[in-house]
Amino acid sequence: DVPGQPEPLFVTDAAINRIRTAADISPLLTVSARRAGTVLQQTTGPGQAVTAGDPLFQIAALDHLWLELQATRAQAQRIAKGDAVQVAGCEGPATVIATSLHLDSQSQTVTVRAELRDADGCLSPNQYVEASVSPRASLGTASNSASKSI
């Protein structure tokens with residue numbers, strides 16, 4: 001598997017044997033994903049011709065998510081990898097895994113990426129969220145109890 005690349009769907013051996021031995025051509029074929037997940041997008045329609053490698057569906061496991069938060073430059077200077085992130089509506093905390101070095105010219109914000117494990121349906125893809133980051137005391141600029149809304 002290549003990170004960032006779609007995972008191929010697969011056809012079972014039984015389905016391939018059915019195709020080989022059938023006296024007629026069926027327009028139906030069952031394909032399965034390698035992992036459980038939620039269909040985010042169907043990229044083909046009924047009757048549409050497809051070739052090997054064409055994506056048919058976009059599927060995601062929603063129990064493990066990355067959040068992209070926007071922080072002001074001042075907030076971003078106090079945020080570091082490993083900081084705890086509390087997301088409104090979610091029980092478990094997320095963790096900062098990266099902070100961009102780039103300041104967006106239009107929004108004047110820095111992107112902070114956090115990983116939320118065990119999301120348990122508290123968020124949906126592309127949902128806007130409110131979150132608080134608790135910078136670690138070791139940075140010398142904030143205490144453990146300090147919280148910054150992003």
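Summarised in this report is the structure supplied together with it. (Residues numbered from 1 in each chain as written. Predicted model: local features only at pLDDT ≥ 70, side-chain atom pairs only at ≥ 80, totals over all residues. Heavy atoms only, no water.)

In this structure the tally under the stated criterion is 1 disulfide. A disulfide bridge connects Cys90 with Cys122, and the sulfur atoms are separated by 2.0 Å. Every disulfide takes its handedness from the sign of the S-S torsion; for Cys90 and Cys122 that torsion is 90°, giving right-handed. Here the residue Cys90 occupies a position in the loop between strand E4 (84-87) and strand E5 (94-103), and Cys122 occupies one in the loop between strand E6 (110-117) and strand E7 (131-134), the gap between them amounting to 32 residues. Residue classification places Cys90 among the buried positions, given a relative accessible area of 7%. For Cys122, a relative accessible area of 22% puts it in the partly exposed group. (Disulfide = S-S within 2.5 Å. Helix = DSSP H or I, 4+ residues; strand = E, 2+ residues; numbered from the N terminus. Buried < 20%, exposed > 50% of the residue type's maximum accessible area, 1.4 Å probe, protein only.)

On the surface, Asp63, Glu91, Asp118 and Asp120 cluster together to form a negatively charged patch. In this fold, Asp118 is placed in the loop between E6 and E7. (Patch = residues over 30% accessible without salt bridge, like charges linked within 9 Å, V, L, I, M, F, W, Y side chains within 5 Å. Areas by Shrake-Rupley, 256 points an atom, 1.4 Å probe, with all protein chains shown as cover. Salt bridge = Lys/Arg side-chain N within 4 Å of Asp/Glu carboxyl O. Lys, Arg positive; Asp, Glu negative; His and termini not counted. Charge placed at Lys NZ, Arg CZ, Asp CG, Glu CD.)

Turning our eyes to something else, we now look at the side chain of Glu115. Tracing the chain through its elements places Glu115 in strand E6. Among the polar contacts listed, one links the side chain of Glu115 to the side chain of His64, at a separation of 2.8 Å. For Glu115, the contacting residues outside a window of four places in its chain are His64, Leu65, Trp66, Ala94, Thr95 and Ile97. (Polar contact = N/O pair within 3.5 Å; in protein donor to acceptor, adjacent residues only side chain to side chain. Contact = heavy atoms within 4.5 Å.)

We now examine the environment of Leu69. In this structure, Leu69 sits in strand E3 (residues 64-71). On a C-alpha basis, the gap between Leu69 and Ala114 in space is 7.6 Å, while along the polypeptide they are 45 residues apart.

A word on the side chain of Thr109. Looking at the secondary structure, you find Thr109 in the loop between E5 and E6. In terms of polar contacts, Thr109 uses its side chain to reach the side chain of Gln70, at 2.9 Å. If we ignore the near neighbours within four places in the chain, the residues touching Thr109 are Gln70, Ala71, His102, Leu103 and Asp104.

A few words now on the pairing of E7. Covered by surrounding structure in E7 are Ala131 and Val133 only, the residues Ser132 and Ser134 on the alternate face being uncovered. Direction of pairing for E4 relative to E7: antiparallel, over a ladder of 4 bridges. Its bridge partner lying in E7, Ala84 is registered against Ser134. (Pairing = 2+ DSSP bridges.)

A separate point is unusual backbone geometry. Backbone geometry places Asp118, a non-glycine residue, at a positive phi of 55°. Take Asp118: its relative accessible area is 59%, and that puts it in the exposed class. One non-glycine residue, Asn126, lies in positive phi territory at about 70°. Examined against the element boundaries, Asn126 turns out to sit in the loop between E6 and E7.

In this section: the pattern of salt bridges. It is possible for side chains bearing opposite charge to pair when their charged atoms get close. Following the criterion strictly, the structure yields 2 salt bridges and no others. Between Glu68 and Arg113 there is a salt bridge; the shortest N-O distance is 2.6 Å. Note that Glu68 is positioned in strand E3 and Arg113 in strand E6, a separation of 45 residues in sequence. Close ionic contact of Glu115 with Arg117 constitutes a salt bridge, the shortest N to O distance being 3.7 Å.

This brings us to the pairing of E4. Residues Val85 and Val87 line the buried face of E4, whereas the alternating positions Ala84 and Gln86 sit on a face that is not buried. Two strands pair when backbone bridges link them, and E4 and E5 are joined in this way by 2 bridges, in the antiparallel orientation. Of the residues in E5, the one forming a bridge with Ala84 is Thr95. Between E4 and E5, which pair antiparallel and follow one another directly, the connecting turn spans 6 residues, one of which, Gly89, has a positive phi of 90°.

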